[in-house]
Amino acid sequence: MIDDDVQVAAWAPSTNGGPYGAVLAHALAGRRRDLAAALTRLESQSARLAAVADMLIATLRAGRTVLVAGNGGSAAGAQHFAAELVGRFRREREPYPVVALCTDSAVVTAVANDYGYEQVFARQVAAFGRAGDLLVVISTSGESENLVRAAVTARRRGLTVLAVTGERDSRLAALADLAVRVPTDDTALVQELHLIVTHVLCDLVEAELAIREGAGGP
Ligand SMILES: O=C(CO)[C@@H](O)[C@H](O)[C@H](O)[C@H](O)COP(=O)(O)O
Ligand SMILES: [Zn+2]
């Protein structure tokens, strides 16, 4: 039988952080330093972020759909972005049609199995995308082949493409109508900045569209 008191005592934090205390303190101080420096550099891109917000607002106000895609951590980011806009970020308002293309495991595995993983997003863009819709591709490298193919398909079909990448030159940034390149090439930091960028965008988009709804609809 497990003794609850012993269990709690064994997992209680020690005052000096235990054997990893110094390592963790160093790691957290490093994250604070790196994030602060990158955010300061990101502030110089506020005009670009405003243009991206305009792009999202215009798409949604026109009743068009936003498709979002990414791999790995960026797949989670794509889902998170869609969840904020279909659900809500801070305000009660209409739901917005934002669809993450990495969520349907049957579609993703069937297309990957039958056509190749590089087709998993392009085929969904062809299935769901219409001229005037917006494709958002999120990638730390800007070089994932399946996202490049999705962007090419989107451009061919008259969708607008927004790339959210790291700092370095990439095929996705070059293919996109507009690109946000967060100012670092460190993969983890790129992903952390992407989350901040998408939250800031959700806040702006929601605030702008909610005002219009209050004034009689988008
Ligand atoms: O979250 C991480 C690394 O932090 C990984 O899962 C990472 O997202 C994957 O390696 C992706 O396949 C990387 O793709 P991309 O960001 O270069 O498009
Ligand atoms: Zn990650």
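Residues numbered from 1 in each chain as written. Chains lettered and ligands numbered in written order. Predicted model: local features only at pLDDT ≥ 70, side-chain atom pairs only at ≥ 80, totals over all residues. Heavy atoms only, no water.

In this structure, what is going on with the overall build of the chain? I would like to understand it.
A count of helical and extended segments in the chain gives 9 helices and 5 strands. Scanning the chain from its N terminus toward the C terminus, one meets helices and strands in the order α-α-α-β-α-β-α-α-β-α-β-α-β-α. Across the 218 residues in the chain, those meeting the buried criterion constitute 39%. Relative to all contacts within the chain whose residues are 6 or more apart in sequence, the contacts with residues 24 or more apart total 69%. For the chain, the exposed surface amounts to about 11,600 Å²; the carbon and sulfur share of it is 56%. (Helix = DSSP H or I, 4+ residues; strand = E, 2+ residues; numbered from the N terminus. Buried < 20%, exposed > 50% of the residue type's maximum accessible area, 1.4 Å probe, protein only. Contact = heavy atoms within 4.5 Å. Areas by Shrake-Rupley, 256 points an atom, 1.4 Å probe, with all protein chains shown as cover.)

Just checking my understanding: could you explain helix H5 (residues 105-115) for this structure?
Each α-helix winds once per 3.6 residues, and so residues spaced three or four apart point in a common direction. N-cap assignment for H5: the residue whose side-chain oxygen lies 3.1 Å from the backbone N of Ala 106 is Asp 104. Trailing H5 by a residue or two, Gly 116 shows a phi angle of about 110 degrees, which is positive. (Polar contact = N/O pair within 3.5 Å; in protein donor to acceptor, adjacent residues only side chain to side chain.)

Sorry, what's going on with helix H3 (residues 46-61) here?
Under the 1.5 Å per step criterion, the end-to-end length of H3 is 22 Å for 16 residues, consistent within 8% with the ideal 22 Å. Of the residues making up H3, those classed as buried are Leu 49, Val 52, Ala 53, Met 55, Leu 56, Ile 57, Thr 59 and Leu 60. Remark: Gly 63 follows H3 within two positions and exhibits a positive phi of approximately 80 degrees. (Expected span 1.5 Å × (residues − 1).)

What is the right way to look at the site of ligand 1 in this model?
If you check the shell around ligand 1, you find Asn 71, Gly 72, Gly 73, Ser 74, Ser 139, Thr 140, Ser 141, Ser 144, Thr 187 and Gln 191 and nothing else. A distance of 3.3 Å separates an oxygen atom of ligand 1 from a polar atom in the backbone of Asn 71. Interatomic distance of 2.7 Å between a side-chain N/O atom of Thr 140 and an oxygen atom of ligand 1. Within the complex, the protein chains bury 61% of what would otherwise be the 450 Å² of accessible surface of ligand 1. (Near = heavy atom within 4 Å.)

What exactly am I supposed to notice about the pattern of salt bridges here?
It is possible for side chains bearing opposite charge to pair when their charged atoms get close. Applying the stated criterion to the full structure yields 16 salt bridges. Residue Arg 33 is joined to Asp 34 by a salt bridge in which the shortest nitrogen-to-oxygen separation is 3.3 Å. Residue classification places Arg 33 among the exposed positions, given a relative accessible area of 55%. For Arg 171, the salt bridge is made with Glu 145, and the minimal N-O distance between the two is 3.1 Å. Here Glu 145 lies in helix H7 (residues 145-156) and Arg 171 lies in helix H8 (residues 171-175), a separation of 26 residues in the sequence. By relative accessible area, Arg 171 is classed as partly exposed at 35%. Here the residues in one salt-bridge network are Arg 90, Arg 91, Arg 93, Asp 203 and Glu 206, joined through shared partners. (Salt bridge = Lys/Arg side-chain N within 4 Å of Asp/Glu carboxyl O.)

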